[in-house]
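Here is what each chain is made of, one letter per residue.
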Amino acid sequence: MSGKKPPLPTKQQIVDFVRASPGKVGKREIARAFHVGGQDRPWLKSMLQELAEEGAVTRGHRRALTPAGTLPEVALLDVVETDIDGELIARPVEWRDDGPAPKITMAPSGPGLPALAVGDRILARLTQTGARRYDGKLIRRLQAAPDEIIGVYTSLDPKQGRVQPADKRSRHELIVPVQHSLGAVTGEVVLAEVLPARAYGLKQARVKERLGKIGDPRSLSLMAVHQHDIPTRSSDDALREAKAAKPVTLGKREDLRHLPLVCIDPEDARDHDDAVFAEPDDDAKNAGGWHVIVAIADVAWYVRPGSGLDRDARLRGNSVYFPDRVVPMLPEALSTDLCSLLEAEPRACLAVHMWFDAEGNKRRHRFARGLMQSRATLAYGQAQAAWDGHADDKTAALLDDVIRPLYRAYAALAHARDKREPLAIDLPERKVVLGADGYIKAILPRERFDAHRLIEEFMIQANVCAA
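The text that follows walks through the structure, step by step, so that each part is easy to find. Note that the structure is a prediction, hence the values are computed from the model and not measured. (Residues numbered from 1 in each chain as written. Predicted model: local features only at pLDDT ≥ 70, side-chain atom pairs only at ≥ 80, totals over all residues. Heavy atoms only, no water.)

### Structural notes on the pairing of strand S16 (residues 290–297)
When you tally the buried positions in S16, you get seven out of eight residues, the bulk of the element. Across seven bridges, the pairing between strand S15 (residues 274–280) and S16 is antiparallel. Directly across from Val-276, in S16, lies its bridge partner Val-294. In the sheet, S16 pairs with strand S19 (residues 346–356) via eight bridges, with the strands oriented antiparallel. The residue of S19 that forms the bridge with Trp-290 is Phe-356. (Buried < 20%, exposed > 50% of the residue type's maximum accessible area, 1.4 Å probe, protein only. Helix = DSSP H or I, 4+ residues; strand = E, 2+ residues; numbered from the N terminus. Pairing = 2+ DSSP bridges.)

Take a look at the structure:
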């Protein structure tokens, strides 16, 4: 018996094997069929990746392979329409071949499974019934069709109109009887509520809100909000908790109200959640050193674990900014008031005191819950102009005890940063300028100042301390 190692399969041999195999085919089955040993498994993995990139095979559920132009035994589908016979038709979520995607006719849902509707995303088991035709059987519904959609309204005739969803993932239109149109006209963006499913044809909807013409930037922002499922309404619990929130008292907090902490933000900032301060270190053992404070709004004081505010914040994750609006993470009673470091208003904060030597190396730090009172809110350009010798009425009073110490402390930190030689990425930003009519007037690059880098460096140092 010869101990000669069998040759590795060619790409065509692998494709032929996948095409001829009636069941699931994966890397394990191919390795077994062609006697590919352990040391050649990386080669086989690379070969299968190349075949997938070339379109010769398709990876399906659990990375099973099928020949190009066919679907795997189990696939991710979107239910896209109802045909003339009232049967639901689905399409594969991913289809990279040149020809049209196969037509998949979905069987009625079995016992214990939800009834399907146009707009559902599902996992289904497939049986091929002809060229580019399959029958599908529901395994699990992953995402239900939306109850509300934002889309563009078109009047078809005096009796009805249609809504084309703004979300390109929703490929089904909705019929709107004229009595449910709220007077919408062709080309308007509307918020529509999906009505109970019909047995045949397209679903019906009623217009709940008219949002403006399709070219209006305000409408485009609302479409983006809906398309990305950004929650715009706070829960009743969160609203009630925000309304009941009160300004904090000093109590056991560290009193920082005597320090001239300032907020430095973009000129169009809608809230102010961090402030900075710097002064020469008075420790004789740290000649030329600096004491820097970074303070942030103490949001956690108001957003307690398990509260309605906490649940809403987890759902959102962050505030979302558009040229004409902001969708805040928290109700406005907090986001623009109690959790915003407003000028001359006492505010709860979490502060980190940092001490640096003359070369910008951190010597020590400590954290404290505090009560601060912002001395001023400055724009980046305004702070930079003051440092460059062009102070205005507001910054002139802050120049000696606020702005100059900040920039000198930053110079020391920048020196230490340059010695570390970190990755430096300084990418240009753009800002959208809207006219009085709400339409885009210009898209301009944001000018970068040392004031930007100062705030960034202080924030990095604060995060290093937190880490």
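### Notes on helix H8 (residues 380–387)
At 3.6 residues per turn, the α-helix brings residues three or four places apart onto the same side. Those residues of H8 that sit buried are Tyr-380, Ala-383, Gln-384 and Ala-386. Here the buried residues of H8 occupy an arc of 160° about the axis, which is enough to place them on one side. Of the residues one or two after H8, Gly-389 is the one with positive phi, at around 100°. (Arc of directions from axis to C-beta.)

### Concerning the sheet that holds strand S5 (residues 103–106)
Whenever strands of a sheet pair, they do so through backbone hydrogen bonds, lying parallel or antiparallel. The strand order around the closed barrel built from five strands is S3-S4-S5-S7-S6, with neighbouring strands paired in mixed fashion. Put simply, the sheet's adjacent strands are angled 50° from each other on average, direction ignored. Inspection of the sheet shows strand S6 (residues 121–130) paired to strand S7 (residues 133–143) by nine bridges, in the antiparallel sense. Residue pairing across strands places Leu-126 opposite Gly-136, the latter belonging to S7. (Axes fitted to C-alpha atoms, helices over the stretch in contact; angles between N-to-C directions.)

### Points about the sheet that holds strand S9 (residues 160–165)
Taking strand neighbours across the sheet as the criterion, the five strands line up as S10-S9-S8-S11-S12 in an open arrangement whose pairing is antiparallel. Only two strands of the sheet have a single neighbouring strand rather than two, namely strand S10 (174–177) and strand S12 (205–213). Direction aside, neighbouring strands of the sheet carry axes that sit 40° apart on average. Looking at chain direction, strand S11 (residues 188–194) and S12 are connected through seven bridges and run antiparallel. Note that in S12 the partner of Ala-192 across the bridge is Val-207.

### Some thoughts on the nonpolar core
Counting 34 residues, the largest nonpolar core has Ile-264, Val-276, Val-292, Val-294, Ile-403, Leu-406 and Phe-458 as its most contacted members. Put simply, the parts of the chain that give this core at least two residues each are strand S14 (262–265), S15, S16, S19, strand S21 (376–379), H8, helix H10 (399–420) and helix H11 (450–466). The biggest single contributor to this core is H10, with 10 residues. Apart from the residues within four sequence positions on either side, Val-292 is in contact with Phe-277, Ala-278, Val-352, His-353, Met-354, Phe-356, Ala-409 and Phe-458. By size, the runner-up hydrophobic cluster in this structure holds 15 residues, among which are Val-79, Leu-88, Met-106 and Leu-116. (Core = buried A, V, L, I, M, F, W, Y, C linked by side-chain atoms within 4.5 Å. Contact = heavy atoms within 4.5 Å.)

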